[in-house]
Amino acid sequence: MSPIPADSIPYLPRGVRLHRDHVRARWVLLAPERTIALDEIGHAILSELDGARPFADVVARLAAKFDAPAPQIADDVSGFLGTLRARRFLELA
Amino acid sequence: MPVPPPIAMLAELTHRCPLSCPYCSNPLELAAKAQELPTQTWIDAFDQAAALGVLQLHLSGGEPAARQDLVELVAGARAAGLYTNLITSGLGLTQARLEALSEAGLDHIQLSLQGTDAEMADRIGGMKGAFARKMKLAQWVSEIGFPLTLNVVLHRQNLHQLPRALEMAQEMGARRIEVATVQFHGWAMQNRNALMPSKAQADEAAALVAQARQNLKGRLVIDFVPADYHEDYPKRCMGGWGSSGLNIAPDGTVLPCHAAQTIPHLRFPNLREQSLSEIWYHSSGFNAYRGDDWMQEPCRSCALKTKDFGGCRCQALAITGDAAATDPTCIKSPAHQKLQAMADQFAGTEHAPLVMRENA
Ligand code: SF4
Ligand code: SF4
């Protein structure tokens, strides 16, 4: 997948949602016929998506939160979201 | 090894269905309406399932829309915290009912298609006008904004329609399509002569899917179930018997898979009598093929046994007479050649009439 443009808004489309899996004490992303276990970083990234925030802001907030350089965060987040996009679990507005 | 909690549950709400597909996975002995679980028992089962660790619920049938209380059941499933998927033929769903399902929180719809035009779809589904109604439904689904998966069962009579099915999925705005070559369980066992694809057809479908996956990357996700009589390795059965999923039949019988009752020596409890947890962890039926103690050679010493669990128990029984045998789809099975010879013979039968599914 091509990198995510700074001004586009990544969001979880209807039918894809975060869910707390209490039995296994973890966060998961639920999608049609798929359950994706999330680690702490994955959960942190997806929690930043509110349907309004552009990619650049998501990156800036995560960079502040994890105290890491923005360009590196941008690559990681773009990679993570890109895989979800390829599986149609994430859309860009 | 400790038994992990289940992650998915298939609730066969009813065996009733207005269609009569000749490959229906329902058992030959269908549950009558009077045997079906009442609303509250289902909702209680959803709560129990969520507490047990189930995350994904598939509401299926028969045609689940044949249940008057479908909206209430969906609301109950969502209240339990389950991701709720409706597996439907589309018949019995009006626009108003779809909107009510949307309100109730239904997460996803999976619509079955018996063919890509009215002639094929209505003949295979056994109902005139069904195709037109499905097309109407697809339009409402997209207007409401439900995420949609299109499901197409392929067999010798409609396999040539695969390219069109892929186009239709995109036209309908589906994010996903399930292309399943017919699996021979349930009613399909009565129709192997009429439905078995040839090896050449099966290979062509696999090649088409591989190509389409490339071309449609990021636009349409394609899940594919190959023609397993023509394969060299078996498919994983349910992610391992009793290891990730369970089915509930319309009368409340709890099963490791929809065909499990074809194994006559196994006993499966009913959730009217026992809790789901007791059944999942302690019933003899669920424990029968867990782990690998039950395995025979060649599976026992095969490195792939942790990947495919020796294949399908129901198929092993149907073809070899022994439910603990290696799935004959496997190239290492002594019955493999017999299975492939059977497949070729079925595929070469001309003018085999379709045995349609009866109604419940
Ligand atoms: S045992 Fe066989 S019929 Fe049952 S789910 Fe597994 S693969 Fe299917
Ligand atoms: S021998 Fe058994 S475990 Fe090995 S590949 Fe065949 S079915 Fe699977």
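How each quantity is defined
Residues numbered from 1 in each chain as written. Chains lettered and ligands numbered in written order. Predicted model: local features only at pLDDT ≥ 70, side-chain atom pairs only at ≥ 80, totals over all residues. Heavy atoms only, no water. Helix = DSSP H or I, 4+ residues; strand = E, 2+ residues; numbered from the N terminus. Rg over C-alpha atoms; globule rule 2.2 N^0.38 Å. Buried < 20%, exposed > 50% of the residue type's maximum accessible area, 1.4 Å probe, protein only. Contact = heavy atoms within 4.5 Å. Near = heavy atom within 4 Å. Nonpolar A, V, L, I, M, F, W, Y, C, P; charged D, E, K, R; others polar. Salt bridge = Lys/Arg side-chain N within 4 Å of Asp/Glu carboxyl O. Pairing = 2+ DSSP bridges. Axes fitted to C-alpha atoms, helices over the stretch in contact; angles between N-to-C directions. Phe/Tyr/Trp six-rings, centres within 6.5 Å; stacked < 30°, edge-to-face > 60°. Lys NZ or Arg CZ within 6 Å of the ring centre and 35° of its normal. Buried area = accessible area lost by both parts, 1.4 Å probe. Polar contact = N/O pair within 3.5 Å; in protein donor to acceptor, adjacent residues only side chain to side chain.

*Asks:* Would you mind going over the overall build of chain A with me for this structure?
*Replies:* Of regular secondary structure, chain A possesses three helices and five strands. Listing the helices and strands of chain A from first to last along the sequence gives β-β-β-β-α-α-α-β. Scaling as 2.2 N^0.38, a compact globule of 93 residues should have a C-alpha radius of gyration of about 12 Å, and chain A matches this with 13 Å. For chain A, the C-alpha atoms occupy an extent of roughly 35 × 25 × 20 Å along the three principal directions. The buried share of chain A, taken over its 93 residues, is 44%.

*Asks:* Could you clarify how one ought to interpret the overall build of chain B in this entry?
*Replies:* Helices and strands together make up the secondary structure of chain B, namely 13 helices and nine strands. A globule of 360 residues ought to have a C-alpha radius of gyration of about 21 Å, and chain B, at 20 Å, matches this closely. Projected onto its principal axes, the C-alpha positions of chain B cover 55 × 45 × 40 Å. Counting over 360 residues, chain B shows a buried share of 59%. Long-range pairs, those at least 24 residues apart, make up 74% of the contacts in chain B with a sequence separation of at least 6.

*Asks:* Hey, could you run me through the site of ligand 1 in this one?
*Replies:* Inspection of the region around ligand 1 gives His185, Lys235, Cys237, Met238, Cys257, Ala259, Cys312, Arg313 and Cys314 of chain B as its neighbouring residues. Here the shell around ligand 1 is composed, by residue class, of six nonpolar, one polar and two charged.

*Asks:* Where do I start with the pattern of salt bridges in this structure?
*Replies:* It is possible for side chains bearing opposite charge to pair when their charged atoms get close. All names here are of chain A. Within this structure, the stated rule accounts for 19 salt bridges over all chains. A salt bridge links glutamate 48 to arginine 61; the shortest N-O distance between them is 2.6 Å. Of this pair, glutamate 48 sits in the loop between α1 (40–47) and α2 (55–66) while arginine 61 sits in helix α2, and the two are 13 residues apart along the sequence. Here glutamate 48 falls in the buried class, since its relative accessible area comes to 9%.

*Asks:* Before we go on, may I ask you to explain the sheet that holds strand β3 (residues 83–88) of chain B in this structure?
*Replies:* The pairing of strands in a sheet happens through backbone hydrogen bonds and is either parallel or antiparallel. All names here are of chain B. As summarised here, the arrangement of the nine strands in space is β7-β6-β5-β4-β3-β2-β1-β8-β9, forming an open sheet in which the pairing is mixed. Single-partner strands in this sheet number two, and they are β7 (221–225) and β9 (254–255). The pairing of strand β8 (residues 245–248) with β9 spans two bridges and is antiparallel. Paired with isoleucine 248 across the strands is valine 254, a residue of β9. Helix α5 (residues 130–144) rests against β4 (108–113) and β5 (148–154) of the sheet, and its axis sits at about 160 degrees to β4. Contacts from helix α6 (residues 162–171) reach β4, β5, β6 (176–181) and β7 within the one sheet, and its direction differs from that of β5 by about 170 degrees.

*Asks:* Hey, could you run me through the pairing of strand β3 (residues 26–31) of chain A in this one?
*Replies:* Each regular strand displays side chains that alternate between the two surfaces of the sheet. Residues and elements named next belong to chain A. Taken together, the five bridges between strand β2 (residues 17–21) and β3 define a ladder with antiparallel strand orientation. Looking at the pairing, arginine 20 lines up with tryptophan 27 of β3. Counted along the chain from β2 to the antiparallel partner β3, the turn is four residues long, and its residue alanine 25 has a positive phi close to 50 degrees. Both β3 and strand β4 (residues 34–38) contribute to a ladder of five bridges, which runs antiparallel. Note that in β4 the partner of valine 28 across the bridge is alanine 37. Here β3 folds back onto β4 in antiparallel fashion, the turn holding two residues, of which glutamate 33 has a positive phi close to 60 degrees.

*Asks:* Can you walk me through the sheet that holds β4 of chain A in this structure?
*Replies:* All names here are of chain A. The antiparallel open sheet is built from three strands, whose spatial order is β2-β3-β4. On the outer flanks of this sheet lie β2 and β4, each paired with one strand and no other. Ignoring strand direction, the axes of neighbouring strands in this sheet form an average angle of 35 degrees. Here α1 sits on the sheet in contact with β2, β3 and β4, set at roughly 110 degrees to β4.

*Asks:* Would you take a moment to explain the environment of glutamine 95 of chain B for this structure?
*Replies:* All names here are of chain B. Along the chain, glutamine 95 falls in helix α3 (residues 95–104). Owing to a relative accessible area of 32%, glutamine 95 belongs among the partly exposed residues under this scheme. With 129 residues separating them in the primary sequence, glutamine 95 and phenylalanine 224 have C-alpha atoms 30 Å apart.

*Asks:* I tried to follow the packing of aromatic side chains on my own but got confused; where do I start?
*Replies:* Remark: the centre distance and the inter-plane angle together describe each pair of aromatic rings, the angle taken between the planes. Taken as a whole and judged by the stated rule, the model has five aromatic pairs over all chains. Between the aromatic rings of tryptophan 241 of chain B and tyrosine 289 of chain B, the centroid separation amounts to 5.1 Å while the plane-to-plane angle is 85 degrees, which identifies the pairing as edge-to-face. Of this pair, tryptophan 241 of chain B sits in the loop between β7 and β8 while tyrosine 289 of chain B sits in the loop between α10 (284–287) and α11 (305–308), placing them 48 residues apart in sequence. In terms of burial, tryptophan 241 of chain B and tyrosine 289 of chain B fall into one category: buried. For the pair tryptophan 280 of chain B and phenylalanine 286 of chain B, a centre-to-centre distance of 5.5 Å together with 55 degrees between the ring planes defines the contact as tilted. Taking relative accessible area as the criterion, tryptophan 280 of chain B reaches 1% and is therefore assigned buried. Among the residues examined, phenylalanine 286 of chain B registers a relative accessible area of 0% and is labelled buried. Through a chain of ring-to-ring contacts, three or more aromatic side chains come together here, namely Trp241, Tyr289 and Trp294 of chain B. It is arginine 14 of chain A that lies over the ring of phenylalanine 146 of chain B; its NZ or CZ is 4.6 Å from the centre.

*Asks:* How should I be thinking about the interface of chain B and chain A in this particular structure?
*Replies:* The extent of an interface is frequently quoted as the accessible surface area lost upon association of the parts. Contacts between the two partners involve 34 residues from chain B and, on the opposite side, 22 residues from chain A. Here chain B and chain A share an interface that buries about 2,000 Å² over both sides, 49% of which is from carbon and sulfur atoms. Its largest share of buried area at the contact with chain A, chain B owes to Leu55, Tyr83 and Arg175 of chain B, together 31% of the area lost on that side. On inspection of chain B and its partner chain A, the count reaches two salt bridges. A salt bridge links arginine 17 of chain A to aspartate 107 of chain B; its shortest N-O distance comes to 2.8 Å. Counting across the interface, chain B meets chain A through 13 residue pairs in polar contact (both at pLDDT 80 or more). Broken down by element, the side of chain B that touches chain A gets its largest block of residues, three residues, from helix α1 (residues 39–52) of chain B. Its residues assigned to classes, the side of chain B that touches chain A shows 16 nonpolar, eleven polar and seven charged.

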